[in-house]
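# Understanding the architecture of this molecule
Each chain, letter by letter, is given below.
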Amino acid sequence: MDQPLELDNPFWRFSLAVYAMPGVQKECLSLQNEAGVNVNMLLYCAWRGAEGDCPTDVELKRLTAVTRAWQANIITPLRETRNHLKRTGVIDSANAQIKILRSKILEVEFLGEQMEQAILYRETASDFRCSKDRLAAIDANLALYLNIHNRTLDAVPMLKSNAVLLSQQ
């Protein structure tokens, strides 16, 4: 029997905190739009590093496959629908209703993102290699994931520095 999803978990709280820090959202969304990077996987790598954990290449690829399916089947269709409504030229009398609909879709998309993070949290291996150097772990995790998208750590300076900040608290 599958373990229930824990929506309010340490990974979720870390993500909310780091994503709210200056420059992180812009950096993450830029990578999402330009390179197809999954923001939740990026945050996951930063969080595991902040915890001193390093997934193996095999484990990271397995988790990436899990999130790729969730993104393709749940998140992307919601995001595309929401963005389509934003671009659609509608008559003025319908604008208020369209905005309400977009807002509700955004709420469901946000819940879907939270559920994806809960899936990652549940799937976290207990046998990750541990590192006493959290900065090195953050770097290693982010570099490993970004390499899949032909990007380097230079693409996430704000995420990296803020993850380091949170790891020291």
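Overview of the structure. The written sequence of each chain sets the order in which its residues are numbered from 1. In keeping with the model being predicted, local features are shown solely for residues with a pLDDT of at least 70 and side-chain atom pairs are shown and tallied solely at 80 or more, while totals for entire chains, interfaces and linings include all residues. Side-chain descriptors were evaluated using all non-hydrogen atoms of the structure, hydrogens and water having been removed beforehand.

### Section: the packing of aromatic side chains
- Note on aromatic contacts: the rings of Phe and Tyr and the six-membered ring of Trp form a pair at centre separations within 6.5 Å, being stacked when their planes are under 30 degrees apart, edge-to-face when over 60 apart, and tilted otherwise. Summed over all chains, the structure comprises 5 aromatic pairs.
- An angle of 65° between the planes, with centres 5.4 Å apart, marks the rings of W12 and F110 as edge-to-face. Highlighted residues: W12 in helix α1 (residues 10-19) and F110 in helix α5 (residues 95-123), separated in sequence by 98 residues.
- A centroid spacing of 5.9 Å and a plane angle of 45° characterise the contact between W47 and Y121, whose relative ring orientation is tilted. Helix and strand assignments follow DSSP, with helices taken as H or I runs no shorter than four residues and strands as E runs no shorter than two, numbered in order from the N terminus.

### A look at the layout of surface pockets
- Here the largest pocket is characterised by a volume of approximately 430 Å³.
- Only protein atoms enter the calculation, which uses a 1 Å grid: trapped sets of points that fit a 1.4 Å probe without letting it out are cavities, open sets showing protein on both sides within 12 Å along at least five of seven lines are pockets, and any residue with an atom within 4 Å of a point is a lining residue. Along the walls of the largest pocket sit 19 residues, with Y19, L29, R79, F110 and E113 positioned nearest its centre.
- For the lining of the largest pocket, the secondary-structure elements that each account for two or more residues are α1, α2 (24-35), α3 (39-50), α4 (57-87) and α5.
- A per-element tally of the lining of the largest pocket places α5 first, with 5 residues.
- Side-chain classes follow a simple rule in which Ala, Val, Leu, Ile, Met, Phe, Trp, Tyr, Cys and Pro form the nonpolar group, Asp, Glu, Lys and Arg form the charged group, and the remainder, Gly included, forms the polar group. Here the lining of the largest pocket is built from residues that sort into 8 nonpolar, 7 polar and 4 charged.
- Taken together, 19 residues line the second largest pocket, and the ones lying closest to its centre are G36, V37, N38, Q71 and T76.
- Mapped by element, the contributors of at least two residues to the lining of the second largest pocket are α2, α3 and α4. Grid points are joined across faces, edges and corners, and a volume is the space filled by probe spheres set on the points.

### Some points on the packing of α1 against helix α7 (residues 157-167)
- Helix axes are fitted to C-alpha atoms over the stretch in contact, other axes to C-alpha atoms as well, and angles between N-to-C directions run from 0 to 180 degrees. At a minimum axis distance of 10 Å, the contact between α1 and α7 shows a crossing angle of 125°. In terms of axis orientation, α1 runs oblique to α7. For the crossing formed where α1 meets α7, the hand is right-handed. The segment α1 lies against α7, with F14, A17 and V18 engaging L159, N162, A163 and L166.
- When the residues that make up the contact of α1 with α7 are grouped by side-chain class, the tally is 6 nonpolar, 1 polar and no charged. Working definition: roughly parallel below 35 degrees, roughly antiparallel above 145 degrees, roughly perpendicular at 65 to 115 degrees, and oblique for all remaining angles. Each helix crossing is assigned a hand: it is left-handed if the near helix lies turned anticlockwise from the far helix by less than a right angle, otherwise right-handed if that turn is clockwise. Note on contacts: a residue pair is in contact if any heavy atoms of the two residues lie within 4.5 Å.

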